Amino acid sequence: DFPSDVILLLLSAGATLSVIQSGQTAPATMAVRDYLSISPEDYAPFVVNVDIPLKDDYGFFDSHKVMGRHVNTHAYVNAAFSFKATDGVIQEVRMAIGAMQNGPFFAPKTTAALAKQPLTAAGLKIGVQSLADELKQIARHNLYRSREIKEEKEKKKSSVEAADGDDDDDATSPKLEAPEEYRHSLALTTFYKSFLAAVAHFAVPGIATLPPELRSAAVHYRRPTSTASQTYAGGDPSLAPINAPVTKLAAKIQASGEAKYTGDLSNPNRCLFACPVTSTKARATISSIDITAAAALPGVV
């Protein structure tokens, strides 16, 4: 239901899987992409090992995850890129971008267009333009598919399945966190940053390195550790300790999670439970309480 960060990393790094099928005695090697292509209706082989190439085997690797907040949220867009280059010329590019479609988007036309291109502004321009064109094709396909899904749902409304409440979401409809135009813009941005980072990584004498105005784009933003503090103005010292700021006695055990609350305690032996009963009249005076009906219930003391 959401683009997996781990899968994108494995795809771009060129990882392979050691898998074993039912009835087999020895594992077989399978590419991650082939594993993902297995139909949900078929039984996928059991993964016994993941083999990830050493960094030197794939040259330069970079990944991104753009989220609405720092933790505990799905990505608007996540992406991973790997570059192989010799003497400043690209030999191979692998990329996997999430949240563009159902499943990872590999941008096959862009990776093909970048082969044998220089790691310069000219190569970057070719890559960005090709990726933008492919994203436009995805947008047209998604629009066409959404219209198909809408028509299918409208037909279901008058069918027996709809009467029975069978209105499941289409299995190929992606569940995405942000508008399509924004996600496509983020995809282009992640590629742009990774290409610049690859230029810096493969810096070769005689080939122009990154100009100062572009260097910051090649560096990942490092979010600093969150901190917080509270400052209280002191009161009239002549009234101390009244009005003086004092740390709450239970502050440390509550902040550390050591404090015990009612919900943390187990029920003791012979524990009794009470049930409050609200009044049916406002501003009334209780003259007497009849517990006859309550006392007749089992377990009432």
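About the criteria used
Residues numbered from 1 in each chain as written. Predicted model: local features only at pLDDT ≥ 70, side-chain atom pairs only at ≥ 80, totals over all residues. Heavy atoms only, no water. Phe/Tyr/Trp six-rings, centres within 6.5 Å; stacked < 30°, edge-to-face > 60°. Helix = DSSP H or I, 4+ residues; strand = E, 2+ residues; numbered from the N terminus. Buried < 20%, exposed > 50% of the residue type's maximum accessible area, 1.4 Å probe, protein only. Axes fitted to C-alpha atoms, helices over the stretch in contact; angles between N-to-C directions. Parallel < 35°, antiparallel > 145°, perpendicular 65-115°, else oblique. Left-handed = near helix turned anticlockwise from the far one by under 90°. Contact = heavy atoms within 4.5 Å. Nonpolar A, V, L, I, M, F, W, Y, C, P; charged D, E, K, R; others polar. Pairing = 2+ DSSP bridges. Salt bridge = Lys/Arg side-chain N within 4 Å of Asp/Glu carboxyl O. Core = buried A, V, L, I, M, F, W, Y, C linked by side-chain atoms within 4.5 Å.

Visitor: Report on the packing of aromatic side chains, specifying residues and quantitative values.
Guide: The tally for this structure, following the rule as stated, stands at five aromatic pairs. Measuring from centroid to centroid gives 6.0 Å for Phe83 and Phe195, while their planes differ by 85°, and the two rings are edge-to-face. Separated by 112 residues along the polypeptide, Phe83 in strand β5 (residues 75–86) and Phe195 in helix α7 (residues 180–201) bring together distant segments of the chain. Under the relative-accessibility criterion, Phe83 is labelled buried at 0%.

Visitor: Please give an account of the packing of helix α5 (residues 121–157) against α7 that cites residues and values.
Guide: With their axes 10 Å apart at the nearest point, α5 and α7 run at an angle of 155° to one another. Judged by the angle between their axes, α5 and α7 are roughly antiparallel. At the point where α5 passes α7, the crossing takes the right-handed sense. Taking contact as the criterion, the partners of Gly123, Leu124, Gly127, Val128, Leu131, Ala132, Leu135, Ile138, Ala139 and Asn142 in α5 are, on α7, Glu180, His184, Ala187, Leu188, Phe191, Tyr192, Phe195 and Leu196. Split by residue class, the contact of α5 with α7 holds 13 nonpolar, four polar and one charged.

Visitor: So what about the sheet that holds strand β2 (residues 28–31)? Which residues, and what values?
Guide: On the basis of which strands lie adjacent, the open sheet formed by three strands has the order β2-β1-β3 and antiparallel pairing. Pairing within the sheet leaves two strands with one partner each, and these edge strands are β2 and β3 (46–51). Strand-to-strand twist across the sheet, computed as the mean angle between neighbouring axes with direction ignored, equals 35°. Here strand β1 (residues 16–20) runs beside β3; their pairing, made up of five bridges, is antiparallel. In the strand pairing of β3, Ser18 is matched with Asn49.

Visitor: Kindly report on the sheet that holds β5, identifying the contributing residues and their values.
Guide: The sheet built from four strands is open, its strands ordered β4-β5-β6-β7 with antiparallel pairing. Across the chains shown, the open sheet's two edge strands, defined by having one partner strand only, are β4 (60–67) and β7 (103–105). The average angle at which neighbouring strand axes cross in this sheet is 20°, direction not considered. Pairing between β5 and strand β6 (residues 89–101): eight bridges, direction antiparallel. Counterpart to Phe83 in the pairing with β6 is Val93. Relative to the sheet, α5 contacts β6 and β7, its axis offset from that of β6 by approximately 25°. Sheet strands in contact with α7 are β4, β5 and β6, and its direction is about 30° off that of β5.

Visitor: Go over the pattern of salt bridges, please, and point to the residues and values.
Guide: This model, assessed by the stated rule, comprises three salt bridges. One salt bridge connects Asp5 with Lys65, and the closest N-O pair in it is separated by 2.7 Å. Placement of Asp5 in helix α1 (residues 5–13) and of Lys65 in strand β4 is noted, with a sequence separation of 60 residues between them. A relative accessible area of 27% means that Asp5 is categorised as partly exposed. The class for Lys65 is partly exposed, based on a relative accessible area of 38%. Here Glu92 ties to Arg94 by a salt bridge, and the two come within 3.4 Å at their closest N and O atoms.

Visitor: For the pairing of β1, give the residues involved together with the corresponding values.
Guide: Here four bridges tie β1 to β2, and the two strands are oriented antiparallel to one another. Among the inter-strand pairings, Val19 is bridged to a residue of β2, identified as Ala28.

Visitor: Quick one: what's the story with the pairing of β6, residue by residue and with numbers?
Guide: Between β5 and β6, which pair antiparallel in sequence order, lie two residues; one of them, Asp87, sits at a positive phi of approximately 55°. Pairing between β6 and β7: two bridges, direction antiparallel. Considered in β7, the bridge of Ile97 is made with Phe105. Counting the residues in the hairpin turn of β6 and β7 gives one residue.

Visitor: Explain the nonpolar core to me, using residue names and the numbers behind them.
Guide: Ranked by size, the top nonpolar core spans 31 residues in total, and within it Phe83, Ile97, Met100, Phe105, Leu119, Phe191 and Phe195 carry the most contacts. Going through the elements one at a time, β5, β6, α5 and α7 are the ones with two or more residues in this core. For this core, the element with the highest residue contribution is α7, accounting for eight residues. In terms of nonpolar packing, the next biggest core, distinct from the first, is built from 10 residues, Ala15, Leu17, Val32 and Ala96 among them.

Visitor: Quick rundown of unusual backbone geometry? Include the residues and the values.
Guide: For Lys116, which is not a glycine, the phi torsion comes out positive at approximately 70°. Within the secondary structure, Lys116 sits in the loop between α4 (108–114) and α5. Looking at Lys116, the relative accessible area reads 58%, which means it is exposed.

In short, geometric facts, not functional conclusions.
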